[in-house]
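Observations on the three-dimensional arrangement
Chain residues, written in single-letter form:
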Amino acid sequence: MDLQLKGKTALVTGSTAGIGLAIAERLAAEGADVTITGRTQDKLDAAADKVGTHGRVRAVLADPGTAEGCETLIAAVPQIDILVNNLGIYEAKPFSDITDADWFRFFEINVMSGIRLSRHYFPGMLERDWGRVIFIASESAQLIPAEMVHYGMTKTAQLAISRGLAEQTRGTNVTVNTVQPGPTRSEGIVEFIRSTVSNKDAPEAEREAEFFEKMRPLSLIRRLIDAEEVAAMTAFLASPLAAVTNGAAIRVEGGMVPTIA
């Protein structure tokens, strides 16, 4: 299927690894000119090499998790067609141990990065009457995990921002949507699962099975998602073919929360 993204310009944050890198690769493969960003030159260069095997890529050394980093990124790339707000951090921590600094750090990185970039790029999309803003949230936006309430809070905030922006697109060719993946395979999630299971030395498949049985019992697929599966959904939402999908919170996995809310 041709997603009609050839010649479109896209910016993906948090794009040197995991879901962000997979999204950047998929958009480049579909013909978009992709900008990736990262905090360290080595990781940024390695990611640019991977994305570059699929298509055109530009790498900007900046940290969108800070106001200064967003300013650097915007100065380097003042206009885009597609904004994918993927940058985010997570950790497991008892609620009583989450400090004020933790709450503010998670909000600054997970929420304010998308706010600052959307505040700059969204008005231009409306003026040009075409654009896509996509937030990569999580199932944790609606199924708040007891072991990381601060993370869930930021994902719920992304839903509110996305829907509020979508309300401003009425009658235009601009859309704003949120993708809510379930647990997605990465080096970080493997270690996170190890920290939550009873037998930390069990084979990886057993640890994953215990995690879904005890920590994510509502999962329909009962496995980790591959980053490429999230990337495929995101690329479709970025496409002109997804013109009628707007203001949606789309689950990539399932569970008791509606697939499209």
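Our subject is the structure that appears above.
Now for a description of the structure that goes with this document. Remember, predicted model here, so these are calculated numbers, not experimental data. (Residues numbered from 1 in each chain as written. Predicted model: local features only at pLDDT ≥ 70, side-chain atom pairs only at ≥ 80, totals over all residues. Heavy atoms only, no water.)

Moving on to the pattern of salt bridges. In this structure the tally under the stated criterion is 16 salt bridges. The partner of Glu 91 in a salt bridge is Arg 105, and the shortest N-O contact between them spans 3.9 Å. Of this pair, Glu 91 sits in the loop between β4 (82–85) and α4 (100–128) while Arg 105 sits in helix α4, and the two are 14 residues apart along the sequence. Given a relative accessible area of 22%, Glu 91 falls into the partly exposed group. For Arg 105, a relative accessible area of 37% gives the class partly exposed. (Salt bridge = Lys/Arg side-chain N within 4 Å of Asp/Glu carboxyl O. Helix = DSSP H or I, 4+ residues; strand = E, 2+ residues; numbered from the N terminus. Buried < 20%, exposed > 50% of the residue type's maximum accessible area, 1.4 Å probe, protein only.)

Further remarks concern helix α1 (residues 18–29). If you check α1, its first and last C-alpha atoms are 17 Å apart, about what 12 residues at 1.5 Å a residue would give, namely 16 Å. Where burial is concerned, most of α1 is hidden: nine out of the 12 residues are buried. Every buried residue belonging to α1 is among Ile 19, Gly 20, Leu 21, Ala 22, Ile 23, Ala 24, Glu 25, Leu 27 and Ala 28, and all of these are buried. (Expected span 1.5 Å × (residues − 1).)

The strand order across the open sheet built from seven strands is β3-β2-β1-β4-β5-β6-β7, with neighbouring strands paired in parallel fashion. Two strands lie at the open edges of the sheet, namely β3 (57–61) and β7 (249–252), each paired on one side alone. When the angles between neighbouring strand axes are averaged without regard to direction, this sheet yields 20 degrees. Relative to β3, strand β2 (residues 33–38) runs parallel, the two sharing five bridges. Paired with Ile 36 across the bridge in β3 is Ala 59. Along the sheet, helix α3 (residues 67–76) contacts β1 (9–12), β2 and β3; its crossing angle with β3, the most-contacted strand, is approximately 145 degrees. (Pairing = 2+ DSSP bridges. Axes fitted to C-alpha atoms, helices over the stretch in contact; angles between N-to-C directions. Contact = heavy atoms within 4.5 Å.)

Turning our attention to the packing of aromatic side chains. A full pass over the atoms with the stated rule returns five aromatic pairs. Ring plane angle 75 degrees and centroid distance 6.1 Å describe the contact between Phe 192 and Phe 211, whose orientation is recorded as edge-to-face. Of this pair, Phe 192 sits in helix α6 (residues 187–196) while Phe 211 sits in helix α7 (residues 204–214); the two residues are 19 residues apart in sequence, bridging distant segments of the chain. Accessibility expressed as a relative area gives 7% for Phe 192, which makes it buried. Assessed through its relative accessible area of 0%, Phe 211 is described here as buried. Look at Phe 211 and Phe 212: their rings are 5.3 Å apart centre to centre, the planes differ by 85 degrees, and that puts the pair in the edge-to-face class. The buried category is assigned to Phe 212, whose relative accessible area is 2%. Residue placement shows Lys 8 over the ring face of Trp 130; its charged tip is 3.8 Å from the ring centre. (Phe/Tyr/Trp six-rings, centres within 6.5 Å; stacked < 30°, edge-to-face > 60°. Lys NZ or Arg CZ within 6 Å of the ring centre and 35° of its normal.)

Moving on, we come to the side chain of Asn 85. Topologically, Asn 85 is positioned in strand β4. Within the local environment of Asn 85, its side chain forms a polar contact with the side chain of Ser 118, the two groups lying 3.2 Å apart. When sequence neighbours within four positions are dropped, the list of residues in contact with Asn 85 reads Thr 13, Ser 113, Gly 114, Leu 117, Ser 118, Val 133, Ile 134, Phe 135, Ile 136 and Gln 158. (Polar contact = N/O pair within 3.5 Å; in protein donor to acceptor, adjacent residues only side chain to side chain.)

Further remarks concern the packing of α1 against helix α8 (residues 227–238). Interaxial distance between α1 and α8 falls to 8 Å at its minimum, and their mutual angle equals 50 degrees. Between α1 and α8, the angle falls in the class oblique. Along this stretch, α1 crosses α8, giving a crossing that reads as right-handed. Residue-level contacts link Gly 18, Ile 19, Ala 22, Ile 23, Arg 26 and Leu 27 of α1 to Ala 227, Glu 228, Val 230, Ala 231, Ala 232, Thr 234, Ala 235 and Ala 238 of α8. (Parallel < 35°, antiparallel > 145°, perpendicular 65-115°, else oblique. Left-handed = near helix turned anticlockwise from the far one by under 90°.)

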